[in-house]
Amino acid sequence: MRFTKMEALGNDFVVLNAMQQPLKLSAEQIKLLSDRRRGVGCDQVLLAEAARDVGADVRYRIFNADGSEVEHCGNGVRCLARFLVNEGIVSGPRIYVETGLGINVVEIARDGKVTVDMGAPLLKPEMIPFRASAQEVTYNLETTSGSVDISAVSMGNPHAVLVVDDIATAPVHELGTVIGAHPRFPNRTNVGFMQVKSRDSVMLRVYERGVGETPACGTGACAAVVAGRLRGLLDSTVNVELPGGQLEIGWRADSEPVMMTGPARAVFHGEINI
Ligand SMILES: N[C@H](CCC[C@H](N)C(=O)O)C(=O)O
């Protein structure tokens, strides 16, 4: 099976082109592809399929390293668009990527930066999904590690966001595992730890659902800026500094789309027998 290895700020992907012929992968095969010793190694596997929507260039499915299929991947959609242009499948600069939730418009600039209209955040608890009696800016969550205040935001995939004083010493693994599997998140959740530096600059670490901590998380950066704005801490354009590098996130309010700009890079091509 031919694949392309790609990365965005160190969040890495195995991209498979199934646009000509359908490809059905078991959870075991996804885990093997993702395995950094026995397979290729990646955080997520991205499957490019023939678009179903006439307005789209491609349909795209996302699988975490644990084999779970998920709704969206911000760094992944930038890499997918880059892949389609590199392979000559589309000419760009605008690429229309169909996910299970609709079409994302992706634009590749001359300098290689990729901007994505990520759509509007989903904040109603039932849309995240998150068990709560009403929609709030923050929720108090009782955990086995004590009670924490979180924001709950969906970018198609669920995110819990915490504001911390010092990102370097934040208990990312401990709280990431406890909150990520919390029963109030029936589909589990990604967990973001955000340190606010100023109204237009934050630092962020994300403990990703189905993977663990990654060097960068695109939907996590979007969710963190939405949470920060709802808390009155951030302006409408924010530089998000992740361990793997920077993303620029813009969001005004309400049903406005979240705009994300960042890099995407092909690393190598290969063949694997799985
Ligand atoms: N782990 C995420 C999917 C990948 C998100 C991340 N890699 C991104 O760039 O948005 C989830 O289970 O919802």
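None of the values given here were measured: they were computed from a predicted structure. Residue numbers here run from 1 along each chain, matching the order of that chain's written sequence. Two thresholds apply to this predicted model, a pLDDT of at least 70 for residue-level local features and 80 or more for giving and counting side-chain atom pairs, whereas whole-chain, interface and lining totals are computed over all residues. Note that the side-chain values use all heavy atoms of the structure and ignore hydrogens as well as water.

Notes on helix α2 (residues 74-86)
1) Next: A rise of 1.5 Å per residue sets the reference length of α2, with its 13 residues, at 18 Å; its end C-alpha atoms lie 19 Å apart and thus fit the reference within 8%.
2) Next: The element α2 is extensively covered by neighbouring structure, given that 11 of its 13 residues are classed as buried.
3) Next: Only protein chains enter the calculation, and the probe is 1.4 Å; a residue is then buried if its accessible area is under 20% of its type maximum, exposed if over 50%, and partly exposed in between. Helix and strand definitions here come from DSSP, where helices need a minimum of 4 consecutive H or I residues and strands a minimum of 2 consecutive E residues; each element is numbered from the N-terminal end. Looking only at α2, the buried set comprises Gly 74, Asn 75, Gly 76, Val 77, Arg 78, Cys 79, Leu 80, Ala 81, Arg 82, Phe 83 and Leu 84.
4) Next: At the C-terminal side of α2, Gly 88 shows a positive phi close to 75°. To estimate the expected span of a helix, subtract one from its residue number and multiply by 1.5 Å.

A few points about helix α4 (residues 218-230)
1) Next: For α4, built from 13 residues, the straight-helix expectation of 18 Å at 1.5 Å per residue is met to within 8% by its first-to-last C-alpha distance of 19 Å.
2) Next: Most of α4 is tucked away, with 11 of its 13 residues classed as buried.
3) Next: Gly 218, Thr 219, Gly 220, Ala 221, Cys 222, Ala 223, Ala 224, Val 225, Val 226, Ala 227 and Gly 228 are the residues of α4 that are buried.

Comments concerning the nonpolar core
1) Next: Here, nonpolar core means buried Ala, Val, Leu, Ile, Met, Phe, Trp, Tyr and Cys residues that are tied together by side-chain atoms lying within 4.5 Å of each other. One finds Val 240 and Ile 249 to be the most contacted residues of the largest nonpolar core, which totals 54 residues.
2) Next: The element that contributes the greatest number of residues to this core is α4, accounting for seven residues.
3) Next: For the domains described, the bounds stem from an automatic or database domain assignment. If you count residues domain by domain, this core takes at least three from each of domain 1 (2-117 + 263-267) and domain 2 (125-257).
4) Next: By the convention used here, residues are in contact when the closest approach between their heavy atoms is within 4.5 Å. Contacts of Val 240, omitting those with residues within four sequence positions, involve Val 202, Leu 204, Ala 221, Val 225, Gly 245, Gln 246, Leu 247 and Ile 249.
5) Next: Core analysis: the next-biggest nonpolar cluster, separate from the first, contains 19 residues, Leu 141, Ala 152, Ala 170 and Tyr 207 among them.

Some points on the layout of surface pockets
1) Next: The way it works is a 1 Å grid over only the protein atoms, where trapped points that fit a 1.4 Å probe form a cavity and open points with protein on both sides within 12 Å along at least five of seven lines form a pocket, and then any residue with an atom within 4 Å of a point lines it. Grid points are joined across faces, edges and corners, and a volume is the space filled by probe spheres set on the points. Of the pockets and cavities examined, the largest pocket occupies roughly 200 Å³.
2) Next: Considering the residues around the largest pocket, the lining is formed by 14 residues, among which Leu 101, Asn 104, Met 118, Gly 119 and Ala 120 are closest to the centre.
3) Next: In terms of residue count, the dominant contributor to the lining of the largest pocket is strand β7 (residues 102-108) (four residues).
4) Next: By the convention adopted, Pro, Cys, Tyr, Trp, Phe, Met, Ile, Leu, Val and Ala count as nonpolar, Lys, Arg, Asp and Glu as charged, and the other residues, Gly among them, as polar. Partitioned by chemical class, the residues of the lining of the largest pocket number seven nonpolar, six polar and one charged.

Some points on the domain arrangement of the protein
1) Next: One can read the domain layout of the protein as domain 1 (2-117 + 263-267) and domain 2 (125-257).
2) Next: The straight-line distance from the C-alpha centre of domain 1 to that of domain 2 is 23 Å.
3) Next: Counting residues at the interface gives 20 residues for domain 1 and 21 residues for domain 2.
4) Next: Two parts lose some accessible area (1.4 Å probe) when they are put together, and adding that loss for both gives the buried area. The junction of domain 1 with domain 2 conceals about 1,300 Å² of combined surface from both sides, 50% of it contributed by carbon and sulfur atoms.
5) Next: Any carboxyl oxygen of Asp or Glu within 4 Å of a side-chain nitrogen of Lys or Arg constitutes a salt bridge here. Counting every contact that joins domain 1 to domain 2 gives two salt bridges.
6) Next: A salt bridge links Asp 66 to Arg 188; the shortest N-O distance between them is 3.1 Å.
7) Next: Ranked by the residues each element gives to the side of domain 1 that touches domain 2, the list is headed by α2, at three residues.
8) Next: Classifying every residue of the side of domain 1 that touches domain 2 by side-chain character gives seven nonpolar, eight polar and five charged.

Describing empty space enclosed by the protein
1) Next: All told, the structure shown has one cavity of 30 Å³ or more when counted by the stated rule.
2) Next: Of the voids in this model, the largest cavity is the one considered here, and its volume is about 100 Å³.
3) Next: Lining the largest cavity we find 16 residues, and of these Gln 44, His 72, Asn 157, Asn 190 and Glu 208 sit closest to its centre.
4) Next: Listed by contribution, the elements that provide at least two residues to the lining of the largest cavity are β4 (58-64), α2 and α4.
5) Next: Class assignment of the residues belonging to the lining of the largest cavity gives a composition of four nonpolar, 10 polar and two charged.

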